[in-house]
Amino acid sequence: MHLVLHSMRPREVLFLAALLMASSLSSAADLELRELARFDDDLFLAAIGPSQDVTVLRAAAIDRLEAGTAPASLARSVEGQRLFLAPSGAFYGKLTHRPGAADFTPTERFELHEAGGRLVWAIEQTEDVSYAISSRGGVVGLQLNVNIPRENRLRFYGEAGERVAEVSIPHLLGGSFDPEGRRFLAVSGSEGTVGFDLAGRVVWSVPGGRLVAASSGAGIVAVAGPDRITVIRDDRVGANADLGGLLVRRIAVAADGSRIAIAGKHEIRLYDSANLLETGRIETGSESLAWTSIDFSPGADRIAAGLARDLGPAAPAERRHPDGEVRVYGADGALLHSAAMSFAHWNIFTPTALWRSSGDALTITTRRAVYETVLP
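Let me sum up the structure you'll find in this document. In every chain, residue numbers begin from 1 and rise along the written sequence. Local features in a predicted model are, by the rule used here, given only for residues with pLDDT of at least 70; side-chain atom pairs are given and counted only at 80 or more, and totals for whole chains, interfaces and linings are based on all residues. Excluding hydrogens and water, the side-chain values take into account all heavy atoms of the structure.

Describing the pattern of salt bridges
Selection rule: By salt bridge we mean one thing: a side-chain nitrogen of Lys or Arg within 4 Å of a carboxyl oxygen of Asp or Glu. The cut-offs for exposure are 20% and 50% of the maximum accessible area for each residue type, with area from a 1.4 Å probe on protein chains only; residues under the lower value are buried, those over the upper are exposed, and the others partly exposed. Labels follow the DSSP assignment, with helices taken as runs of H or I lasting at least four residues and strands as runs of E lasting at least two, numbered in each case from the N terminus.
The full count for this structure, using the stated rule, is 29 salt bridges. Here glutamate 114 ties to arginine 118 by a salt bridge, and the two come within 2.9 Å at their closest N and O atoms. Judged by its relative accessible area of 30%, glutamate 114 is partly exposed. On the accessibility criterion, arginine 118 (47% relative accessible area) is partly exposed. Salt-bridge contacts for aspartate 242 lead to arginine 228; the nearest nitrogen and oxygen are separated by 3.6 Å. Of this pair, aspartate 242 sits in strand β21 (residues 236–242) while arginine 228 sits in strand β20 (residues 228–233), and the two are 14 residues apart along the sequence.

What about the environment of leucine 31?
Formally: Contacts are assigned to residue pairs that have any heavy atoms within 4.5 Å of one another.
The topology assignment puts leucine 31 in the loop between α1 (10–25) and β1 (34–38). By relative accessible area, leucine 31 is classed as buried at 9%. Leucine 31 has contacts with Val326, Val328, His337, Ser338, Ala339, Thr373, Val374, Leu375 and Pro376, leaving out every residue within four places of it along the chain.

As for the environment of tyrosine 371
Worth spelling out the cut-off: Whenever a nitrogen or oxygen atom comes within 3.5 Å of another N or O atom, the pair is scored as a polar contact, on the condition that within protein one atom can donate a hydrogen and the other can accept it, and that pairs from neighbouring residues in sequence are kept only if both atoms are in side chains.
Looking at the secondary structure, you find tyrosine 371 in strand β32 (residues 369–374). In sequence terms tyrosine 371 and alanine 353 are 18 residues apart; their C-alpha atoms lie 9.4 Å from each other. In this structure, tyrosine 371 is in contact with Leu33, Arg34, Glu35, Leu36, Arg38, Met341, Leu362, Thr363, Ile364 and Thr366, ignoring residues within four places of it in sequence. In this structure the side chain of tyrosine 371 is engaged in a polar contact, spanning 2.9 Å, whose partner is the side chain of arginine 38.

A closer look at the sheet that holds β32
What counts, and what does not: Only when DSSP finds a minimum of two bridges between them are two strands counted as paired. Axis definition: a line fit to C-alpha positions, over the contact stretch in the case of helices; interaxial angles, taken between N-to-C directions, run 0 to 180 degrees.
Reading across from one edge, β1-β32-β31-β30 is the order of the four strands in this open sheet, with antiparallel pairing throughout. Edge positions in the open sheet fall to β1 and β30 (352–355), since each of these has one partner strand only. Across the sheet, the mean angle separating the axes of adjacent strands is 20° when strand polarity is ignored. With four bridges joining them, β30 and strand β31 (residues 361–365) adopt antiparallel strand pairing. Within β31, the position partnered with threonine 352 by the bridge is threonine 365.

Some words on the sheet that holds strand β12 (residues 153–157)
Pairing is antiparallel across the open sheet formed by four strands, whose spatial order is β10-β11-β12-β13. Edge positions in the sheet fall to β10 (130–133) and β13 (163–168), since each has one partner strand and no second. Direction aside, the axes of adjacent strands within the sheet are offset by 20° on average. Strand direction decides the pairing type here: strand β11 (residues 139–143) and β12, joined by five bridges, are antiparallel. From the neighbouring strand, glycine 141 faces β12, where its bridge partner is arginine 155.

What about the pairing of strand β22 (residues 250–253)?
Residues of β22 alternate between two faces, with Arg250 and Ala252 on one and Ile251 and Val253 on the opposite face, all of them buried. Pairing geometry for β22 and strand β23 (residues 259–263), over four bridges, is antiparallel. Across the sheet, residue valine 253 finds its bridge partner in β23, namely isoleucine 260. What sits between the antiparallel neighbours β22 and β23 is a turn of five residues, in which glycine 257 has the positive phi angle 80°.

None of the figures reported here should be taken as evidence of function without further support.
Here it is as structure tokens:
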């Protein structure tokens, strides 16, 4: 079903959008969302621990969430400091910026802590302005400066905070660890996507790569760039496939590495990682809906995805994205479960649906709220 929305008044658009959502959910509207927390500022990251606990990172706070209780504070920052959180929630970092520095304020002191607060190690002045922390407590510092991007660097730190390696990577944009923290995946505007081991050695690179996701242990890594997706298997660059002009917004790899998913604005494409043969496509079902997240279940047999509605530039900016959905699909692309949700605040990651390790529940974040749902 395709609707022409640009010539309609906002009230008509909202009415038709509501009808469309009701139609799309009629056979699968069975997910009940429970709100865990709502905040007055933006969420940067939701980390799900092995015991199903949820830890959230905000600009000046890290909190642990449990249903039915107020958020429990793990860390707070003050002016001139910044917090970082590992994807597992097991570690966090606190950066104190150097006073009196220019736009890209380097480190006066960086501390790595366990989630309970114990200081693991600390370092003093470096030129790093940001940090990535692995689920195992590995740390890479990022020296970023858009004014002199050719001098951007990575610094790899060891178990006691010692500097293991320093690597020049021009036009560095950012980076992250694989889920188990065995590889660091850096993205550069000039070098593409580069995989490093924990000693700071380059193990592979994909020119032009912009989006990257990895299986547990980085046995399979998928890299999406302009018009092409590439698979790295056991640190060897392997198969690639043409995307036919699809602008990739999100990318996911199953924990066992067997499957890959990429999402454009209106479609998700599924691939077998062994040969990058396409195994299916999932459409949003409406031109006004766009994919905002994709995530494989622990058993790789289901996909959770978020969608947001766009009412177009004629709608007021604060109400342009008023609502959306969370959907769960089977391996064959069949819709299994769904729930509608409205947004008081929106960003390009709203909503984000993440599987819990049990495989029977989801954590869902919006710009300023966190929900959970148990699958029937």
